[in-house]
Each structure stands twice: as C-alpha cells, then as structure tokens.
Amino acid sequence: MSTPTTSTDTMSTPAPVLSYSPVVLTVPGRPVDLHVRVSAPATGTGLPVLLLSHGHGPSHHLSSLNGYAPLANFWAAHGFTVIQPTHLTSRTLSHLVADAPGAPDFWRSRAEDMTHILDRLDTIERTVPQLAGRIDPTKVALAGHSLGGFTAALLLGAGLADPDTGNVVHLLEPRIKAGVLLAAPGRGGEVLNGPMAEQWPIIGAVDFSTMTTPALVVAGDKDDSRHFTDMGPHWHADPYTLAPGPKTLLTLFDAEHGLGGIAGYDAAETTDENPERVAALARLTAAYLHTRLHPDAPTWHTTCAALTTGPDPVGRVESK
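Residues numbered from 1 in each chain as written. Predicted model: local features only at pLDDT ≥ 70, side-chain atom pairs only at ≥ 80, totals over all residues. Heavy atoms only, no water.

A.B. asks: So what's going on with the sheet that holds strand S2 (residues 34-41)? Which residues, and what values?
C.D. replies: Reading across from one edge, S1-S2-S4-S3-S5-S8-S10-S11-S12 is the order of the nine strands in this open sheet, with mixed pairing throughout. In the strand order of this sheet, the two ends are held by strand S1 (17-25) and strand S12 (315-319), each with one partner. Within this sheet the neighbouring strands show an average axis-to-axis angle of 20°, counted without direction. Examined bridge by bridge, strand S3 (residues 47-53) and strand S4 (residues 81-85) share three bridges and lie parallel to one another. Paired with Leu 51 across the two strands is Ile 83, which belongs to S4. Relative to the sheet, helix H5 (residues 147-155) contacts S3, strand S5 (135-145) and strand S8 (178-182), its axis offset from that of S5 by approximately 135°. (Pairing = 2+ DSSP bridges. Helix = DSSP H or I, 4+ residues; strand = E, 2+ residues; numbered from the N terminus. Axes fitted to C-alpha atoms, helices over the stretch in contact; angles between N-to-C directions. Contact = heavy atoms within 4.5 Å.)

A.B. asks: Quick one: what's the story with the layout of surface pockets, residue by residue and with numbers?
C.D. replies: The gaps of empty space that remain are located by a probe, the size of a water molecule, rolled over the atoms. Considering only enclosed or pocket space, the largest pocket measures out at about 750 Å³ in volume. Each residue belonging to the lining of the largest pocket can be placed in one class, and the counts come to 15 nonpolar, 14 polar and six charged. The volume enclosed by the second largest pocket comes to roughly 440 Å³. Classifying every residue of the lining of the second largest pocket gives 14 nonpolar, five polar and seven charged. (1 Å grid on protein atoms, 1.4 Å probe; cavity = no way out; pocket = protein on both sides within 12 Å on 5 of 7 lines; lining within 4 Å. Points joined across faces, edges and corners; volume = space filled by probe spheres on them. Nonpolar A, V, L, I, M, F, W, Y, C, P; charged D, E, K, R; others polar.)

A.B. asks: Just give me the short version of empty space enclosed by the protein, but keep the residues and values in it.
C.D. replies: Going through the model one piece at a time under the given rule, you end up with three cavities of 30 Å³ or more. Size it by volume and the second largest cavity reaches roughly 40 Å³. What lines the second largest cavity is Gly 149, Phe 150, Ala 153, Ala 184, Pro 185, Gly 186, Ile 203, Val 206, Phe 208 and Pro 239. When residues of the lining of the second largest cavity are assigned to their parent elements, the largest contribution, three residues, is made by H5.

A.B. asks: Requested: an account of the pattern of salt bridges, with residues and values cited.
C.D. replies: By the definition in use, this model includes 11 salt bridges. A salt bridge links Lys 222 to Asp 221; the shortest N-O distance between them is 3.8 Å. Residue Lys 222 is classed as partly exposed on the basis of its relative accessible area of 44%. Judged by its relative accessible area of 25%, Asp 221 is partly exposed. Residues participating in the shared-partner salt-bridge network are Asp 119, Glu 173 and Arg 175. (Salt bridge = Lys/Arg side-chain N within 4 Å of Asp/Glu carboxyl O. Buried < 20%, exposed > 50% of the residue type's maximum accessible area, 1.4 Å probe, protein only.)

A.B. asks: Please provide a residue-by-residue account of helix H1 (residues 69-77), values included.
C.D. replies: Within H1, burial applies to Pro 70, Leu 71, Ala 72, Trp 75, Ala 76 and Ala 77. Following H1 by one or two positions, Gly 79 adopts a phi angle in the positive range, close to 105°.

A.B. asks: Lay out the packing of H1 against helix H7 (residues 275-293) in plain terms, naming residues and giving numbers.
C.D. replies: For the pair H1 and H7, the least separation of the axes is 10 Å and the interaxial angle reads 45°. Between H1 and H7, the angle falls in the class oblique. Note that H1 runs across H7; the crossing there is right-handed. Contacts between H1 and H7 involve Pro 70, Leu 71, Phe 74 and Trp 75 from the former and Val 278, Ala 282, Arg 283, Thr 285 and Ala 286 from the latter. The residue inventory of the contact of H1 with H7, partitioned by class, reads seven nonpolar, one polar and one charged. (Parallel < 35°, antiparallel > 145°, perpendicular 65-115°, else oblique. Left-handed = near helix turned anticlockwise from the far one by under 90°.)

Right, dumping it as structure tokens:
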C-alpha cells in the first residue's frame, strides 16, 4: 500500500505516524473518564478505524492506552486510525475502581468502551490535531489480545451468560465490520478446569455460536494456558472452531501467549520474545483487515503467500 489514501492498493511503504493521547471522553456512570490514544498516518484520507482492546497482563502500563505499540504503530503506518482505550481493568486504574460496580473483570464496561468511542468519533476527530475529515466512519474494525480478545468476541456477536442474572447478554456492535482475536480465551464448561477458572468464571460464560462478524482468530501453537484449562493450545482456537463463518484461523508456530511480544517493545513479560514473529503478525493482521474492509484488494492473499508458505512459514492458515 502506498501512502494511505482511499485507495484499495495493497500495503507497501509505511507512512510517518502521529500519536495523540489522552483524548478524554466523559461517560455518564463510568467511575473515571475514558482515556484513549489515537495513532494515525500523517497523510491520507478515508482512513478506516481500528479499535484495539488491551489484555490484563502483569505490567502496570502495557494494559492501557500505552501498550501494544508494535501493533498499533504498524497498523497506523499502514493506513489505519488506531484507537486504544484504557479499560477499567487496567492496573493504572486499580486504586480508583477496585470497589466500582463490575469489578474486577468489568466485562460489560470493556465492551461498552468501544461503543462509546464509536459514538464519539466526531469528537475524537476534532480533538486530535490533523485528523479532522480523514476518517471513514463506515469502515470500522476491532482487535483484542487475551482478555481483549474476550471483549472483541462480545462485540463481534458472541453471547454471554451474565453471572449475576443468568440471562444471556448480546453486545454485538454492528458498526464493526471485521475483527482480530489474538490469543483469546476459549470455551467454558468442563474444560475450564484450571486454578484461575473460579476467579474468572466470566471467561467460561461465552457462547461463540452467535459470533457472526467476520474475524481472524490468531492462536499460538505453544500457548498452553494451564491456569484456565488442560485442553492445551487448541483452547485458543475455539473462537474459530465454535463460531460460524466467515472465520479464518492463523496458527503461529512456536508462539506462546504473548505471540512474540505484541504487548510492548522489548516487553520482558512475554515468554516467547521474537521480533520477527511480531512483525509478521502485524503484517498479516493488517492485510486481513485491509482486505475485509476493501473486498477487492488482494492484500490478504499476497501476504499469506509471502509469510505462511515456502520453506520457513510463520504459521498456517485455514478458513471457513
């Protein structure tokens, strides 16, 4: 893709990136204001919006608007307006929201953050310098890692049994046209038998059978989350296996839960630091979303051919 414009050309030369934070959105009933970071290419118009939901890792700041720079910067350099909220689960907010309704998982609030952002895109455009008039609000995508993948699943149509009422809740956001689930949690039931299952029962309450929005599910073939399940790495493929099409599964070879270190540059918290894997994942996810939002573009096909075939593939791809 050349310098980002409304063109559906495939990706090539990255653009310089402008990043602005925080954009502060006041949300009635939310215990603290919603803070977001916005990253966008310095040039181009008709830019699609890519919402990014952070996970719940051990670091203080990576689970906030300040995390996931290896992905956010790449996506912005290749034509997306990336918007990253600090969810109420962030450790940066623990001292302020520990006793707030919905703690500690804030499952509903996390999803609602994304809807609030989409409701206020005009405010965000006006607030971020040099962004006004450059966003295409009809082209919206979503990505989430780990707990962020759980949040993404809800917004893409997965149902959830509310642990307080037992009622099935649907938080589908129809403005989101495609999603990427990165190392997302899998099914509940008898397979959710690890020591953390009782502390996070919400993880097992998701029903993927209604997750109809097109999505790329990314799973590491070494991502063995024994604290939740003894099912093995295949658990993280459940959002693909148990959801209806159209879905695509990218299985990254030798990747663990950090998928090479996507949460931050030189993030010591990852167990499988691999800058080459992160770079490949950034390219593949951008290509998938580019083709989903521009159906005539060959970006996904050509990027898959470059990175998942040949003598040294980064992973394998299957679709339904």
